[in-house]
Amino acid sequence: MSRRPGPARRFVGGGGGLFHSKSQASPLLSIVLGLLGTVVVIGYVLKGSGGSGDYKAFSKIQGDSSCTYDVHTAIPILKKTYGDSMRKVLHVGPDTCSIVSELSKEKDTEAWGVEPYDIEETDVACSSLVRKGLVRVADIKFPLPYKAKSFSLIIVSDSVDYLSPKYLNKTLPDLARVSAQNLVIFTGKPSNSKAKLSQASGFGRPAKMRSASWWARFFVQTSLEENKKAAKKFEQAAAKSSYKPKCQVFHLNSYH
């Protein structure tokens with residue numbers, strides 16, 4: 001899933017070009033300067049990491065309401081919530097390279113990622129993470145290429161919303177399998193359905209925004225228990241930091 005801005009349009013003035021007359025120069029010049037300013041800002045944002053860029057800034061420019069953006073802003077809250085459990089973290093979701101890069105900045109935290117969609121070859125920083133084995137491209141409808149209990153914490157975003165119950169019955173237990181302690185899932189809210197429908201999906205289907213009650217029933221069916229202690233700590237830390245996620249956040253225990 002790529003959220004790169006489209007190519008800039010080229011504005012061509014008729015009958016003598018951009019500066020044909022004083023009456024035409026002012027509005028057309030403003031358009032050109034505005035366009036150039038946008039290109040410069042986006043270029044600056046993407047420059048930081050050789051392609052994946054500062055996701056927070058880029059998302060603000062794009063008006064992004066994705067759950068992956070929520071994960072970015074929630075990292076300090078997650079750190080306060082899970083503490084030492086954030087030693088070995090796996091993120092599963094689109095733009096995972098940006099999440100892995102951000103998590104790696106945290107003290108005593110090692111991070112890996114699973115990208116459910118293709119990664120653009122032009123993304124130098126992301127390609128580097130793939131070469132190092134820190135990021136993998138994998139279809140999450142099938143078992144992940146990790147041993148059981150490989151990670152102390154697993155964070156999932158913008159992924160399970162695109163899976164039908166048929167695949168969720170396989171994917172969520174497998175995510176719990178590779179988690180030694182905790183699992184945090186960011187899912188879209190039903191109120192965000194229109195925004196999600198407009199986004200392309202590498203799974204070939206639109207996102208299905210499910211209610212909290214639907215997820216609660218599903219977790220019970222798959223024998224996944226809510227981590228009430230972590231959920232409370234997360235809520236308290238979020239309130240102190242005035243953090244209000246746009247997505248639903250579920251804290252689960254891994255299988256014991």
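Residues numbered from 1 in each chain as written. Predicted model: local features only at pLDDT ≥ 70, side-chain atom pairs only at ≥ 80, totals over all residues. Heavy atoms only, no water.

## Digging into the overall build of the protein
A tally of regular secondary structure across the protein gives 9 helices and 6 strands. Across the 256 residues in the protein, those meeting the buried criterion constitute 46%. For the protein, restricting intrachain contacts to residue pairs at least 6 apart in sequence, the fraction spanning at least 24 positions comes to 73%. (Helix = DSSP H or I, 4+ residues; strand = E, 2+ residues; numbered from the N terminus. Buried < 20%, exposed > 50% of the residue type's maximum accessible area, 1.4 Å probe, protein only. Contact = heavy atoms within 4.5 Å.)

## Describing the environment of arginine 210
Positionally, arginine 210 belongs in the loop between α7 (193-197) and α8 (212-221). Taking C-alpha positions, arginine 210 is 9.6 Å from serine 191, a pair spaced 19 residues apart along the chain.

## Points about the nonpolar core
Residues Leu78 and Phe186 are the most contacted members of the largest nonpolar core, which totals 28 residues. Those elements that provide at least two residues to this core are α3 (67-82), α4 (96-103), α5 (124-131), β4 (151-157), β5 (179-187) and α9 (228-240). The dominant element in this core, judged by the number of residues it contributes, is α3, at 7 residues. Excluding its chain neighbours within four sequence positions, the residues that come into contact with leucine 78 are Gly83, Met86, Ile155, Val184 and Phe234. (Core = buried A, V, L, I, M, F, W, Y, C linked by side-chain atoms within 4.5 Å.)

## Observations regarding the state of the cysteines
Under the definition given, this model contains 2 disulfides. Here cysteine 67 connects covalently by a disulfide to cysteine 247, the sulfurs 2.2 Å from one another. Residues cysteine 67 and cysteine 247 share a disulfide whose torsion about the S-S bond is about -100 degrees; that sign makes it left-handed. With a gap of 180 residues between them, cysteine 67 in helix α3 and cysteine 247 in the loop between α9 and β6 (248-253) connect regions that are remote in the sequence. Like cysteine 247, cysteine 67 is buried. Between the sulfur atoms of cysteine 97 and its disulfide mate cysteine 126 the distance is 1.8 Å. Residues cysteine 97 and cysteine 126 share a disulfide whose torsion about the S-S bond is about 60 degrees; that sign makes it right-handed. With cysteine 97 in helix α4 and cysteine 126 in helix α5, the pair connects residues that are 29 residues apart, well separated along the chain. The class for cysteine 97 is buried, based on a relative accessible area of 4%. Here the cysteine-cysteine linkages of the protein are recorded as 1-4, 2-3, numbering only bonded cysteines and doing so in sequence order. (Disulfide = S-S within 2.5 Å.)

## Here we look at the confidence of the model for the protein
For the protein, per-residue confidence averages 78 on the pLDDT scale, and 68% of positions sit at 70 or higher. Mean pLDDT across the elements of the protein bottoms out in helix α2 (residues 55-62) (38) and peaks in strand β1 (residues 88-92) (97). Here residues 38-63 is modelled with pLDDT under 50, and outside its nearest four sequence neighbours on either side it reaches 42 contacts, counting other chains as well. (pLDDT = per-residue confidence, 0-100.)

## Side note on the environment of isoleucine 99
Examined against the element boundaries, isoleucine 99 turns out to sit in helix α4. When its relative accessible area of 0% is taken as the criterion, isoleucine 99 is described as buried. Distance from isoleucine 99 to histidine 72, taken between C-alpha atoms, is 6.5 Å for residues 27 residues apart in sequence. Every residue in contact with isoleucine 99, bar those within four places of it in the chain, is listed here: Thr68, Val71, His72 and His91.

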